[in-house]
Amino acid sequence: MIDNEQAEELFLILDDKLTKTVSVLKEEYSSVRAGRANPHVLDKVMFDYYGVPTPVTQTASVSVQEGRCLVISPWDVSVLKAIEKAIQLSNIGITPTNDGKVIRLVFPELTEERRRELSKQIKKMGEDAKVAARNNRRDAMDGIKKLKNDKILSEDEAAACEKDVEKAVQDAIAKIDAAATAKEKEIMTV
């Protein structure tokens, strides 16, 4: 690593952006329905709780029953209808059943066709994350080039920095590929 504050700052920014890219991808993958009950599908489901948009997970306990059924038990039973409506309006593709005390979401078995669709969606998400990582590389390389043109870095230092940037981006892309492969395997497992 080069002993230059501006180059160090470029690397810190690059590392931060690459880490965020990988974590956002993993977060997106956690909300993809895979045939098994996954409480993360409710992470982005919001409903109006006394005038404030509130995530379902902050007003109810969510548990998995028998592998394919989510049970949502609100702490305040008066919001049961609002939660049910929010789930119906969200795009998770599961119809909730309300028994007056809890809401149940039964995850249907995935058909082969649906598994293939989800697999394509997972690959696209992975490709989008790789594009973001490459854009981060381009930004870092531009920064190094500017430091070299401003005579802050020598040719050799700039080349070493570019090599470090390339390695960091390749590591991030490897993590993205690993996450995509793992999620795809999870989806395709019957």
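Our focus in this paragraph is unusual backbone geometry. Despite not being glycine, Y50 has its phi angle at roughly 55°, a positive value. In this fold, Y50 is placed in the loop between β1 (46-49) and β2 (52-55). Y50 sits in the exposed class, given a relative accessible area of 65%. You will see that K151, though not glycine, has its phi angle at about 65°, which is positive. Along the chain, K151 falls in the loop between α3 (112-149) and α4 (155-188). Under the relative-accessibility criterion, K151 is labelled exposed at 72%.

With 34 residues, α4 ought to run about 50 Å at 1.5 Å a step, and its terminal C-alpha atoms sit 49 Å apart, in line with that. Within the sequence span of α4, burial applies to A158, C161, V165, V169, A172, I173, I176, A179, A180, K183 and I187. Buried residues belonging to α4 abut α1 (5-30) and α3.

Along the chain, the position of T54 falls in strand β2. Among the polar contacts made by the side chain of T54, one reaches the main-chain carbonyl oxygen of V52 at a distance of 2.8 Å. Beyond its immediate stretch of four places on either side in the chain, T54 contacts V45, M46, F47, Y49 and T59.

What follows covers the packing of aromatic side chains. By the definition in use, this model includes 2 aromatic pairs. Ring pairs connect the aromatic residues F47, Y49 and Y50, which therefore count as one cluster.

A few words now on the pattern of salt bridges. Under the definition given, this model contains 15 salt bridges. D128 is paired through a salt bridge with K124; the nearest N and O atoms lie 3.1 Å apart. One end of the pair is D128 and the other is K124, both in helix α3 and 4 residues apart, which spans about a single turn. When its relative accessible area of 41% is taken as the criterion, D128 is described as partly exposed. Among the ionic pairs, K130 bridges to D177, the shortest N-O distance being 2.7 Å. Of the two residues, K130 is situated in helix α3 and D177 in helix α4; the sequence distance between them amounts to 47 residues.

Reading the values: rules and limits
Residues numbered from 1 in each chain as written. Predicted model: local features only at pLDDT ≥ 70, side-chain atom pairs only at ≥ 80, totals over all residues. Heavy atoms only, no water. Helix = DSSP H or I, 4+ residues; strand = E, 2+ residues; numbered from the N terminus. Buried < 20%, exposed > 50% of the residue type's maximum accessible area, 1.4 Å probe, protein only. Expected span 1.5 Å × (residues − 1). Contact = heavy atoms within 4.5 Å. Polar contact = N/O pair within 3.5 Å; in protein donor to acceptor, adjacent residues only side chain to side chain. Phe/Tyr/Trp six-rings, centres within 6.5 Å; stacked < 30°, edge-to-face > 60°. Salt bridge = Lys/Arg side-chain N within 4 Å of Asp/Glu carboxyl O.

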